[in-house]
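Chain by chain, the residues run as shown.
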Amino acid sequence: MSPTDLPTDAATAGAPAPAPLLTVRGLRKSFGTNQVLESIDLTVGRGQVLALIGPSGSGKTTILRCLNGLEVADGGAITIGGEVTIDFGRVPAPSRRDLAALRDRSAMVFQHYNLFPHKTVLENVLEGPVVVQRRPRAEVTAEALALLDRVGLGDKIDAHPFELSGGQQQRVGIVRALALRPQLLLFDEPTSSLDPELVGDVLRLIKELAVEGWTMVIVTHELEFAREVATEVAFVDAGTIVEHGDPKQLLRNPTQERTRQFLHRLLFPF
Amino acid sequence: MNQSTWDLFLSSLGPIILGAVTGTIPLALVSFTVGLALALVVALMRLSRRRWLSGVARVYISIVRGTPLLVQLFVIFYGLPSLGVLIDPWPSAVIAFSVNVGGYAAEVIRAAILSVPKGQWEAAYMIGMSHRRALTRIILPQAARVSVPPLSNTFISLVKDTSLASLILVTELFRQAQQVAAFSQEFMLLYLEAALVYWAICLVLSSVQGVLETRLDRYVAH
Ligand SMILES: Nc1ncnc2c1ncn2[C@@H]1O[C@H](COP(=O)(O)OP(=O)(O)OP(=O)(O)O)[C@@H](O)[C@H]1O
Ligand SMILES: [Mg+2]
């Protein structure tokens, strides 16, 4: 399965100057008195990959959670796929249904995988498409088996998550997200809880997905990966996007001092 | 132990076990089942964001835990008739024990629900689940596994507490023992025998608990 199979994409194929898949305008979020996001603007075109980098606590995860409707922003607007705009500034605040509509368009891969421990690998993948989306079980199962096979887990479909390595669990997490047929894939530091020797497999898989044309927002500390896979990099610090641009340009030659310092710390930790 | 004591021991084993099989065990099973259903409702109320719902649950739990089971039993069986409400011994016992389990198990279930990592809720929402579906398909199955050890303890306590039902004339293990004791005047023997049978039942329950725990422990998110 690739994102170009999706009807929504097919419908816009060939249209002149396609609208961006994701537009974020003035997104704000506070926890109590702690202003975590101050006016975030983002645009991601179809098939583009945006990498978010930035120090711990800068708000990267919060951005993804707002995009997936797991967190309700205090202000600003999110548009995914052109049609649905969720405006967080308006009164009354977005309903559960609005958030659900937003969530339907994206799927998230979590830092700590968050697989369902009481379900098998296959059940983890089927839960969304079959139970929630009510697609035919046989069709979804065939699709899920093909995806699991592709990521090298064809022989693990009946295993439970606790029987898998971290790298295997994260690949299941990615398949679970893909099986939802989202328009947008969100990755929150997908490799940062993995042992170093398991990181490669997961990054390679994400790179393949990028090549296939999936639209993605990836929070990562893997600069080399960002340089190679992302079409754009944004540096987030203290809840704002300090600068964004072409990965090769920004990662080698940032224009902002804060970006320069962050990259330096990442490259020379001690 | 001389021959006649031994004979009395053996011959009273019949009525005592009969009391366990027709009284103690079904009383415990029925009360536990009803009590668990009640506890689930109370736990969910307690976790509700609606203040009055969680308030009601909190008061219920506080009353159950703050008053003796024997007093609860007497209020229902000996107290309610003065308000014109007459309930037979068996249903009185089931009501009292269920209400009691409902209060204690609610706290166990609430703690178990809270022990499921937040990431499980998020993953459930992420795949598009509603709150209710996330609760029933993702959270409660995991909470159930976490609650097996404490709920087994609640059940074992309940089995022993059913002996209080003898005081409202329910024919169960201990009442059978009391009757034989009154008739034979062998109090020490009969009460020790009753204790022995309770102990045997609890040993069986503990080993079942052990098996359940090792089976279920693995499927829990850490
Ligand atoms: N649910 C919450 N309640 C209160 N504060 C929160 C909550 N979630 C995040 N925060 C705060 O928001 C800020 C941004 O957190 P966020 O997780 O988005 O950072 P991050 O950039 O993803 O960091 P990291 O690289 O460590 O994952 C932090 O100061 C954090 O303490
Ligand atoms: Mg984070």
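Just so you know, these numbers come straight off a predicted model, no measurement behind them.

Trainee: Explain the packing of helix H6 (residues 166–179) of chain A against helix H7 (residues 196–212) of chain A to me, and be specific about the residues and the numbers.
Mentor: All names here are of chain A. With their axes 8 Å apart at the nearest point, H6 and H7 run at an angle of 20° to one another. Classified by the interaxial angle, the pair formed by H6 and H7 is roughly parallel. The two elements H6 and H7 meet at a crossing, and its hand is right-handed. Every residue of H7 that contacts H6 at Gly166, Gly167, Gln170, Arg171, Ile174 and Leu178 is listed here: Leu198, Asp201, Val202, Leu205, Ile206 and Leu209. Broken down by class, the residue content of the contact of H6 with H7 amounts to 7 nonpolar, 3 polar and 2 charged.

Trainee: Tell me about the sheet that holds strand E3 (residues 49–53) of chain A, residues and numbers included.
Mentor: Residues and elements named next belong to chain A. Overall, mixed pairing links the 6 strands, which are arranged E6-E7-E8-E3-E9-E10 in an open sheet. Both edges of this open sheet fall to strand E6 (106–109) and strand E10 (240–245), since each of them pairs with a single strand only. Between one strand axis and the next, the sheet turns through 20° on average, direction left out of account. Note that E6 and strand E7 (residues 184–188) share 4 bridges and pair parallel.

Trainee: Can you tell me about the sheet that holds strand E5 (residues 84–87) of chain A, naming the residues and giving the values?
Mentor: All names here are of chain A. The strand order across the open sheet formed by 4 strands is E2-E1-E4-E5, and the pairing between neighbours is antiparallel. Looking along the sheet, the strands with just one partner apiece sit at the ends: strand E2 (34–44) and E5. Taken over all neighbouring pairs, the strand axes of this sheet differ in orientation by 20° on average, direction set aside. The strands that helix H3 (residues 96–105) touches are strand E4 (75–80) and E5; relative to E5, the one it contacts most, it runs at about 130°.

Trainee: Tell me about the site of ligand 1, and name the residues and values.
Mentor: Residue and element names in this part refer to chain A. Looking at ligand 1, the residues that line it are Phe31, Asn34, Val36, Pro55, Ser56, Gly57, Ser58, Gly59, Lys60, Thr61, Thr62 and Glu189. Taking Ser56, its side chain carries an N or O atom lying 2.6 Å from an oxygen atom of ligand 1. In this structure, Thr62 approaches ligand 1 through a side-chain N or O atom, which is 2.5 Å from an oxygen atom. Among the secondary structure elements, those contributing two or more residues to the shell around ligand 1 are E2 and helix H2 (60–67). Per-element accounting of the shell around ligand 1 gives the leading share, 3 residues, to H2. Taken together, the residues of the shell around ligand 1 sort by class into 3 nonpolar, 7 polar and 2 charged.

Trainee: Account for the UniProt feature "transmembrane region" (unreviewed entry) in chain B, naming residues and giving values.
Mentor: Within this numbering scheme, the UniProt entry marks residues 16–47, 59–80 and 188–208 of chain B as carrying the feature "transmembrane region" (unreviewed entry). Counting secondary structure, residues 59–80 of chain B comes out at 86% helix and 0% strand; the distance between its end C-alpha atoms is 21 Å.

Trainee: With reference to specific residues and values, describe the interface of chain B and chain A.
Mentor: At the junction of the two partners, chain B supplies 21 residues and chain A supplies 23 residues. For the pair chain B and chain A, the summed buried surface comes to about 2000 Å²; carbon and sulfur atoms form 62% of the total. Here chain B is connected to chain A by 2 salt bridges. Among the salt bridges present, the one from Glu127(A) reaches Arg137(B), with a minimum N-O distance of 2.4 Å. Connecting chain B to chain A are 6 residue pairs in polar contact (both at pLDDT 80 or more).

Trainee: Explain the UniProt feature "domain: ABC transporter" (unreviewed entry) in chain A to me, using residue names and the numbers behind them.
Mentor: Feature annotation in UniProt assigns "domain: ABC transporter" (unreviewed entry) to the following positions: residues 22–263 of chain A. Within residues 22–263 of chain A, the helical portion is 39% and the strand portion 26%, while the C-alpha atoms at the span's ends are 27 Å from each other.

Trainee: Describe helix H3 (residues 69–79) of chain B, and please don't skip the residues or the numbers.
Mentor: If you check which residues of H3(B) are buried, you get Leu69(B), Gln72(B), Leu73(B), Ile76(B) and Phe77(B). When H3(B) is viewed along its axis, its buried side chains cluster within an angular range of 110° and face the same direction.

Trainee: Tell me about the nonpolar core, and name the residues and values.
Mentor: Among the nonpolar cores identified, the biggest contains 147 residues, and Ile78(A) and Met216(A) are the most heavily contacted of them. Not counting chain neighbours up to four residues away, the residues in contact with Met216(A) comprise Val44(A), Gln48(A), Val49(A), Leu50(A), Leu184(A), Leu185(A), Phe187(A), Ile206(A), Leu209(A) and Ala210(A).

Trainee: Explain the layout of surface pockets to me, using residue names and the numbers behind them.
Mentor: By volume, the largest pocket amounts to about 1300 Å³. Forming the walls of the largest pocket are 32 residues, and the residues nearest its centre are Arg96(A), Arg49(B), Trp121(B), Tyr125(B) and His131(B). Elements represented by at least two residues in the lining of the largest pocket include exactly H3 of chain A together with helix H1 (3–47), helix H4 (89–115), helix H5 (118–126) and helix H6 (131–161) of chain B. In the lining of the largest pocket, the residues fall into 15 nonpolar, 5 polar and 12 charged.

Trainee: Could you give an account of the packing of aromatic side chains, with specific residues and numbers?
Mentor: Within this structure, the stated rule accounts for 8 aromatic pairs over all chains. With centroids separated by 4.8 Å and ring planes inclined at 80°, the aromatic side chains of Phe77(B) and Tyr78(B) adopt a geometry described as edge-to-face. With relative accessibility at 13%, the residue Phe77(B) sits in the buried group. Here the aromatic cluster, defined as three or more aromatic residues joined through ring pairs, consists of Phe74(B), Phe77(B) and Tyr78(B). Sitting over the ring of Phe116(A), Arg176(A) keeps its end group 4.8 Å from the ring centre.

Trainee: Give a detailed account of unusual backbone geometry, specifying residues and quantitative values.
Mentor: Residue and element names in this part refer to chain A. In this structure, Ser39 is a non-glycine residue whose phi angle is positive, near 55°. You can see Ser39 is positioned in strand E2. Classification of Ser39 as partly exposed rests on a relative accessible area of 43%. For Arg181, which is not glycine, the phi torsion reads 55° and is therefore positive. Assignment of secondary structure puts Arg181 in the loop between H6 and E7.

The rules behind the values
- In every chain, residue numbers begin from 1 and rise along the written sequence.
- Numbering of ligands from 1 and lettering of chains from A proceed in the order in which they are written.
- Residue-level local features of this predicted model are given only where pLDDT is at least 70; pairs of side-chain atoms are given and counted only at 80 or more, and the full residue set underlies all totals for whole chains, interfaces and linings.
- Note that the side-chain values use all heavy atoms of the structure and ignore hydrogens as well as water.
- Note on method: axes are straight lines fitted to C-alpha atoms, helices fitted across the in-contact stretch only, with angles between N-to-C directions ranging 0 to 180 degrees.
- Segments assigned H or I by DSSP are reported as helices when at least four residues long, segments assigned E as strands when at least two residues long, and all are numbered from the N terminus.
- Any angle from 65 to 115 degrees is called roughly perpendicular, while one under 35 is roughly parallel, one over 145 is roughly antiparallel, and all others are oblique.
- Take the far helix as the reference: if the near one is turned anticlockwise from it by less than a right angle, the crossing is left-handed, and if turned clockwise, right-handed.
- Contacts between residues were defined by any pair of non-hydrogen atoms, one from each residue, lying within 4.5 Å.
- Each residue gets one label: Ala, Val, Leu, Ile, Met, Phe, Trp, Tyr, Cys and Pro are nonpolar, Asp, Glu, Lys and Arg are charged, and the others, such as Gly, are polar.
- Pairing between strands requires that DSSP locate at least two bridges from one strand to the other.
- Nearness is defined per residue: one heavy atom within 4 Å of the molecule or strand is enough.
- Nitrogen and oxygen atoms within 3.5 Å of one another constitute a polar contact, given that in protein one can donate a hydrogen and the other can accept it, and given that sequence-neighbouring residues count only through two side-chain atoms.
- UniProt positions are given in the numbering used here, feature names are shortened, and annotations may be inferred rather than shown by experiment.
- By buried area we mean the combined loss of accessible area, with a 1.4 Å probe, across both parts when two parts are placed together.
- Salt bridges, as used here, are contacts in which a Lys or Arg side-chain nitrogen is within 4 Å of a carboxyl oxygen on Asp or Glu.
- Burial classification: accessible surface area is computed with a 1.4 Å probe over protein chains only, and a residue below 20% of its type maximum counts as buried, one above 50% as exposed, and the rest as partly exposed.
- Working note: the arc is built from the helix axis to C-beta atom directions.
- Here, nonpolar core refers to any group of buried Ala, Val, Leu, Ile, Met, Phe, Trp, Tyr and Cys residues whose side-chain atoms link them within 4.5 Å.
- Buriedness for pockets is judged along seven lines, at least five of which must meet protein on both sides within 12 Å for an open set on the 1 Å grid over protein atoms alone, while cavities are sets there where a 1.4 Å probe fits but cannot get out, and lining residues have an atom within 4 Å of a point.
- Grid points are joined across faces, edges and corners, and a volume is the space filled by probe spheres set on the points.
- Under the pairing criterion, centres of Phe, Tyr and Trp rings, with the six-membered ring standing for Trp, must be within 6.5 Å; the plane angle then separates stacked pairs below 30 degrees from edge-to-face pairs above 60, leaving the rest tilted.
- Criterion for a charge above a ring: Arg CZ or Lys NZ at most 6 Å from the ring centre, at most 35 degrees from the ring normal.

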